[in-house]
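A closer look at the structure
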Amino acid sequence: MASSPNKRRRVELSDENTLDQLKHFSTVVSDSGEFSQIEKFKPTDATTNPSLLLAAAQMDQYAHIVQDSITWAKQQVNQDDLVGNITDKLAVNFGIEILKIVPGYVSTEVDARLSFDTEATIAKARKLIGLYEAAGVSKDRILIKIASTWEGIKAAEQLQREGINTNLTLLFNFAQAVACAEANVKLISPFVGRILDWYKKNTGKDYTPSEDPGVQSVTKIYNYYKKFNYQTIVMGASFRSVGEILELAGCDRLTIAPKLLDEMMSQKTQVEQKLSPEKAQEEALDRVTYDEKSFRWAMNEDPMATDKLAEGIRKFAEDIVKLEALIQKKL
């Protein structure tokens, strides 16, 4: 008797490594600024952030990209913010190189120091897109990364109206996710591992992957989006283990660091789809909405989200300052 389609599917997947199995259920994105690592894992998209750019800018193999950015900035008419122009061009230059490897999107982040300034965030996003377009890269392949503050979400809402796609990052709670969906942002990056870090530190408990509060947060967001037909893409981010990743198999996208991608390539753990639009329809969820006051109150009532959002913005801002200091030494 012939095997059932489901059984054949399981046999087929069991012959693949864990990473390749996962790709049947979720789009895999590389969370790295290193071209060699991105090439190795063949992801669809890639994300960068100031911390990854800082690390890559200090590597000898990328010195020519740094120098090209400096040379370009020195040739511009406006020299008022030379170092700022260099860092913007550097972020774009790395993005251009990454787009030669991945077939989909690259995410380029707005300066974290603008996280509470809607107009300045919009201006920076337009500038970054302008640099990409001047280099012959369509804005359709770029996601502008913005912190999920109220001001950042409002900036993203305006940018989306202009046809500039956004990736809302440093997202730690449900209110942030709902506000992003209502702003019609292209993609959100709800964090998993950093939520787990906070709960382990503050409770002293260990969590299995299915109990992981970061996994549960992303699962709720995904189910809410699918149940109420929001088009915003959910891309789980900031993973601490393969177990967390596999609990979110079926999430639209998963952005994963090279170490964990490597780990999955060397395993043949059976991957089961955990999330799907069909399952989401069965969830007992009510539709909600947030204005600025209720959003800020929801953040105030969530110490984890408040702590991790502030910490994430500070860390990215610190790495931008370090990157600027590194560039200053090269002038």
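Look a little higher up for the structure.
Quick notes on the rules
Residues numbered from 1 in each chain as written. Predicted model: local features only at pLDDT ≥ 70, side-chain atom pairs only at ≥ 80, totals over all residues. Heavy atoms only, no water. Pairing = 2+ DSSP bridges. Helix = DSSP H or I, 4+ residues; strand = E, 2+ residues; numbered from the N terminus. Axes fitted to C-alpha atoms, helices over the stretch in contact; angles between N-to-C directions. Contact = heavy atoms within 4.5 Å. Salt bridge = Lys/Arg side-chain N within 4 Å of Asp/Glu carboxyl O. Parallel < 35°, antiparallel > 145°, perpendicular 65-115°, else oblique. Nonpolar A, V, L, I, M, F, W, Y, C, P; charged D, E, K, R; others polar. Disulfide = S-S within 2.5 Å. Buried < 20%, exposed > 50% of the residue type's maximum accessible area, 1.4 Å probe, protein only. Core = buried A, V, L, I, M, F, W, Y, C linked by side-chain atoms within 4.5 Å. 1 Å grid on protein atoms, 1.4 Å probe; cavity = no way out; pocket = protein on both sides within 12 Å on 5 of 7 lines; lining within 4 Å. Points joined across faces, edges and corners; volume = space filled by probe spheres on them. Left-handed = near helix turned anticlockwise from the far one by under 90°. Right-handed = clockwise from strand over helix to strand, strands pointing away. Polar contact = N/O pair within 3.5 Å; in protein donor to acceptor, adjacent residues only side chain to side chain.

**With respect to the sheet that holds strand S3 (residues 106-109)**
Backbone hydrogen bonds are what pair the strands of a sheet, in a parallel or an antiparallel way. With respect to topology, eight strands assemble into a closed barrel ordered S1-S2-S3-S4-S5-S6-S7-S8, the strand pairing being parallel. Mean inter-strand twist for the sheet, computed between neighbouring axes without regard to direction, equals 30 degrees. Looking at chain direction, strand S1 (residues 27-31) and strand S2 (residues 45-47) are connected through three bridges and run parallel. Its bridge partner being in S2, serine 30 is matched across the sheet by alanine 46. Here helix H6 (residues 82-99) sits on the sheet in contact with S2, S3 and strand S4 (142-147), set at roughly 175 degrees to S3.

**Brief notes about the pattern of salt bridges**
Per the counting criterion, the structure on display carries 20 salt bridges. In this structure, glutamate 157 engages lysine 154 in a salt bridge whose closest nitrogen and oxygen atoms are separated by 2.8 Å. Remark: lysine 154 and glutamate 157 occur in helix H8 (residues 150-161); sequence separation between them is three residues, near one turn of the helix. In this structure, the salt-bridge partner of lysine 308 is glutamate 311, at a minimum N-O distance of 2.6 Å.

**Focus: the packing of helix H4 (residues 50-57) against H6**
At a minimum axis separation of 11 Å, H4 and H6 run at an interaxial angle of 85 degrees. By the criterion of interaxial angle, the relationship of H4 to H6 is roughly perpendicular. For the pair H4 and H6, contact is made by Leu53, Ala56 and Ala57 and by Leu90, Ala91 and Phe94, respectively. For the contact of H4 with H6, a count of residues per class yields six nonpolar, no polar and no charged.

**A few points about the environment of threonine 121**
For threonine 121, the position within the fold is in helix H7 (residues 118-134). C-alpha of threonine 121 to C-alpha of alanine 237: the two residues are 116 residues apart in sequence and 22 Å apart in space. Discounting chain neighbours no more than four positions away, the residues touching threonine 121 are Val110, Leu114, Ile146 and Ala155.

**Focus: the state of the cysteines**
Every disulfide links exactly two cysteines, by a covalent bond between their sulfur atoms. Taken as a whole and assessed by the stated rule, the structure comprises zero disulfides. Summary of cysteine pairing: cysteine 180 is not part of a disulfide, and the nearest cysteine sulfur, belonging to cysteine 251, is at 14 Å. Note on cysteine 180: relative accessible area 0%, which makes it buried. Overall, cysteine 251 belongs to the buried group, its relative accessible area being 0%.

**Considerations on the nonpolar core**
Counting residues in hydrophobic clusters, the biggest one holds 103 residues, and the most contacted among them are Ile144, Ile188, Tyr225, Leu248, Ile256 and Met264. Non-local contacts of isoleucine 188, meaning those with residues more than four positions away in its chain, are made with Asn167, Leu168, Leu171, Ala177, Cys180, Ile221, Tyr225, Thr232, Ile233, Val234 and Met235. Core analysis: the second largest hydrophobic core is formed by six residues, Tyr105, Leu187, Ile233 and Met235 among them.

**A few points about empty space enclosed by the protein**
Applying the stated criterion across every chain, the model contains one cavity of 30 Å³ or more. Computed from the structure, the largest cavity encloses a volume of approximately 70 Å³. Together, Glu109, Val110, Asp111, Ala112, Leu114, Ser115, Thr121, Lys145, Ile146, Ala147, Leu170 and Phe316 line the largest cavity. Its residues assigned to classes, the lining of the largest cavity shows seven nonpolar, two polar and three charged.

**Observations concerning the packing of helix H9 (residues 174-182) against helix H11 (residues 213-227)**
The interhelical angle for the contact between H9 and H11, taken along N-to-C directions, is 30 degrees, at an axis separation of 10 Å. With respect to their mutual orientation, H9 and H11 come out roughly parallel. Here the hand of the crossing between H9 and H11 comes out right-handed. Of the residues in H11, those in contact with Phe174, Ala177, Val178, Cys180 and Ala181 of H9 are Lys220, Ile221, Tyr224 and Tyr225. Of the residues that constitute the contact of H9 with H11, the class distribution is eight nonpolar, no polar and one charged.

**Here we look at the pairing of S1**
Here S1 lies mainly inside the structure; four of its five residues are buried. Where S1 lies against strand S8 (residues 253-256), four bridges are found, and the strand directions are parallel. Residue pairing across strands places threonine 27 opposite arginine 253, the latter belonging to S8. In terms of handedness, the path from S1 via helix H3 (residues 35-41) over to S2 forms a crossover that is right-handed.

**Section: the side chain of threonine 87**
With respect to the helices and strands, the residue threonine 87 is situated in helix H6. Side-chain polar atoms of threonine 87 contact the backbone oxygen of glycine 84, separated by 2.9 Å. Residue contacts for threonine 87: discarding those within four places in its chain leaves Leu323, Glu324 and Ile327.

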